[in-house]
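Observations on chain architecture
So you can see what is in the structure, the chains are spelled out below.
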Amino acid sequence: MKGAITKLVSNGLYREALSLFTRLHSNHFPPNNLTYPSLLKACGKLNLASNGLQIHAHVVKTGFYRDVYTATALTDMYMKLHLLKDGVKMFDEMPERNLASINAVISGLSQNGYFREALLVFKHVGIGGFKPNSITLASVLPACETVKDGFQIHGFAVKLGVEVDIYVATSVLSMYLNCQELVSAVRVFKMIEDKSVVSYNALISGLLHNGLPLLVLDLFKEMRESLGEKPSLVTWVSVLSACSGLLTLRFGKQVHCLILKYEVGFDVKVGTAFVDMYSKCGCWKEAYEIFKELDDNRNLITWNSMISGMMLNGQCELAAELFEQLEQEGMEPDSASWNSMISGFSQLGKGIEAFCFFNRMQLAGVMPSLKSVTSLLPACSVLSALQSGKEIHGHTIRTAIDADEFISTSVIDMYMKCGVSFLARRVFDRVDRSDDPALWNAMILGYGRNGENDYALEIFDLMLKEGIKPNSGTFISILSACGHAGKVEKGLELFRMMSRDYGVNPTPEHFGCMVDLLGRDGRLDEARNLIQEISEPSSSVYASLLGACKCHLDAELGEEMVERLSQLEPGDPSPFVILSNIYAGQGRWKDVQRVREMMKDRGLRKLPGCSW
């Protein structure tokens, strides 16, 4: 009868094993040295801490705590139950240790995130004459946070001759991927002779986490061609995540067909991955159908993915219905649920609804996250809701997140868009500034928007003085400010400085700023020559120069710009209206009539004006 407990546990029937032990114990059957290790394993697998503590008491009472196998099983159980102090204490108090007990504590510390401690235990393995085996190495490799430690353990595996062991090789592969050593990871993967779904999954997951979704799809194809076994649920989830990142709907649908072919069925993770993939690819109806098919097999992550997907596709009313339904089904919305609603409404320009959900979230006792706050600040700008923006700023100060540079940048942007640049400057002066130019860009762009161009130039000069390297966005903002301030020579100097001093190659946006700058100053020929340097000039560049032609009544160049714009945007009547106004300014009434007839022939009508 006592051997039946061990048999039940080895067959995965953990509850039955615990139930049998209760009956045997009540009938005073004495345990043997295999009974308690099996029961402790069952407690760890079922996450039953109370049962584990009871069995520990039996172990002490019967004297089996002196048995190295039972003591090792106790250590392992406590580690699996995340009771690390108890696990380490049990390990320290062992009267006798073996390699299995050392492996148990290394694996437990590593899996619970105590990497340094796991490495320290590993370094002391040799003390006492213990020689590490493949299990030891496979357990300690996930604890290697630096590639230096990983190289040492890998070298140890080669020295012991276990580097080709499937568990060690897979752990080495995962370690290199975690340390972003992709070349070494691929080299190790190629050396694995008997590749399995597990080894493929390790590389697929690693490539995905390192931002290489296209390689994930290529590797998945190779896996299907070279392996006889079916992909696991982990494989499907990773591949679908890659499809979401690449927005490859066609490949995602092929994966859907494969899952139906293999009759895998949708577990909650695969179902959620499908909801996410279809939502991000713009197929919210397909995502919703899968969401409904999952029915009871849904968790909060699934709901959040569906709500976020609806918002992403502009279905805010359906998203709101799902949010209410989520609460009705007895689930508590978490921070991600609230964030989806707040950021979704904000991005759709529905600031009032975004604030409504923000207030509801606070009443529900959920602490707003960085994402919630930064989503609301643009809504304040759109609504010109300065008071609401001040309240959000006050909230960031009370919750001590105002020191975050990303938050500070968002607050500055909000104040600038609400037209109160002095409050933006106050935030800017108080924040600890890093080397990231985003904060500086917000100030320069904001001053430019508010017509305070001299202050924009002052911030730019301060930026250079503090050694912050400007980026492409910085130069777009400062060149625009120079244009509005009429500082042509300064603008030309900055334009030359871009590539010469900072290695920033001019984009069409930069050329557009320079065309506007030169055009405002009447240097139309220089502006025209500059346009010819752009590989593919946009309509905004031509429109900018046409506007300058109107200011300076240059009909000849204006005609050329109208011709260019009519090719790019044939349905836009604005260029012809401007050209007509240029002719009128010169008193060329016949040409005015000619342009109007041309517009009539093309079916173009001047857009009517409106008065507030």
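The rules behind each value
- Residues numbered from 1 in each chain as written.
- Predicted model: local features only at pLDDT ≥ 70, side-chain atom pairs only at ≥ 80, totals over all residues.
- Heavy atoms only, no water.
- UniProt positions renumbered as here; feature names shortened; annotations may be inferred.
- Helix = DSSP H or I, 4+ residues; strand = E, 2+ residues; numbered from the N terminus.
- Phe/Tyr/Trp six-rings, centres within 6.5 Å; stacked < 30°, edge-to-face > 60°.
- Buried < 20%, exposed > 50% of the residue type's maximum accessible area, 1.4 Å probe, protein only.
- Expected span 1.5 Å × (residues − 1).
- Arc of directions from axis to C-beta.
- Contact = heavy atoms within 4.5 Å.
- Axes fitted to C-alpha atoms, helices over the stretch in contact; angles between N-to-C directions.
- Parallel < 35°, antiparallel > 145°, perpendicular 65-115°, else oblique.
- Left-handed = near helix turned anticlockwise from the far one by under 90°.
- Nonpolar A, V, L, I, M, F, W, Y, C, P; charged D, E, K, R; others polar.

In the nomenclature of an unreviewed UniProt entry, the protein is known as Pentatricopeptide repeat of Macleaya cordata.

Topic: the UniProt feature "repeat: PPR" (unreviewed entry) in the protein
The sites that carry the UniProt feature "repeat: PPR" (unreviewed entry) are, in the present numbering, residues 98–132, 196–226, 299–333, 334–368, 436–470 and 471–506. Along residues 299–333 one finds 74% helix and 0% strand; the C-alpha atoms at either end are 11 Å apart. The span residues 436–470 carries 71% helix and 0% strand; its end-to-end C-alpha distance comes to 9 Å.

Describing the packing of aromatic side chains
For the structure on display, the rule yields 20 aromatic pairs. Ring centres 5.7 Å apart and planes at 70° place the aromatic pair Phe-122 and Phe-156 in the edge-to-face group. With a gap of 34 residues between them, Phe-122 in helix α8 (residues 115–123) and Phe-156 in helix α10 (residues 147–160) connect regions that are remote in the sequence. Assessed through its relative accessible area of 31%, Phe-156 is described here as partly exposed. Aromatic pair Phe-220 and Trp-236: ring centres 5.8 Å apart, planes at 65°, arrangement edge-to-face.

Focus: helix α28 (residues 453–465)
The end-to-end C-alpha distance of α28 is 18 Å, a good match for the 18 Å that 13 residues give at a rise of 1.5 Å each. Buried residues of α28: Asn-453, Ala-456, Leu-457, Ile-459, Phe-460 and Met-463, and no others. Angular distribution of buried residues about the axis of α28 spans 160°; they occupy a single face of the element. Exposed side chains of α28 directed beyond 90 degrees from the buried face belong to Asp-454 and Lys-465. If you follow the buried residues of α28, they end up packed against α26 (421–430), α27 (438–449), α29 (472–485) and α30 (488–502). Within two residues after α28, Gly-467 carries a phi angle of roughly 80°, on the positive side.

Quick notes on the packing of α10 against helix α11 (residues 166–178)
Between α10 and α11, the shortest axis-to-axis distance is 10 Å and the interhelical angle comes to 165°. On the basis of their axis angle, the class for α10 and α11 is roughly antiparallel. Every pair of crossing elements has a handedness; the one defined by α10 and α11 is left-handed. Contacts between α10 and α11 involve Val-147, Gly-150, Phe-151, His-154 and Ala-157 on the former and, on the latter, Val-168, Val-172, Met-175 and Tyr-176. Taken together, the residues of the contact of α10 with α11 break down into seven nonpolar, two polar and no charged.

A short note on the packing of helix α14 (residues 213–226) against helix α16 (residues 249–262)
For the pair α14 and α16, interaxial distance at closest approach is 13 Å and the crossing angle is 30°. As summarised for this structure, α14 and α16 are arranged roughly parallel, according to the angle between their axes. Crossing handedness for the pair α14 and α16: left-handed. Packed against α14, whose contacting residues are Leu-217, Phe-220, Lys-221 and Arg-224, the element α16 presents Phe-251, Leu-258 and Tyr-262 at the interface. Across the contact of α14 with α16, the residue classes tally to five nonpolar, no polar and two charged.

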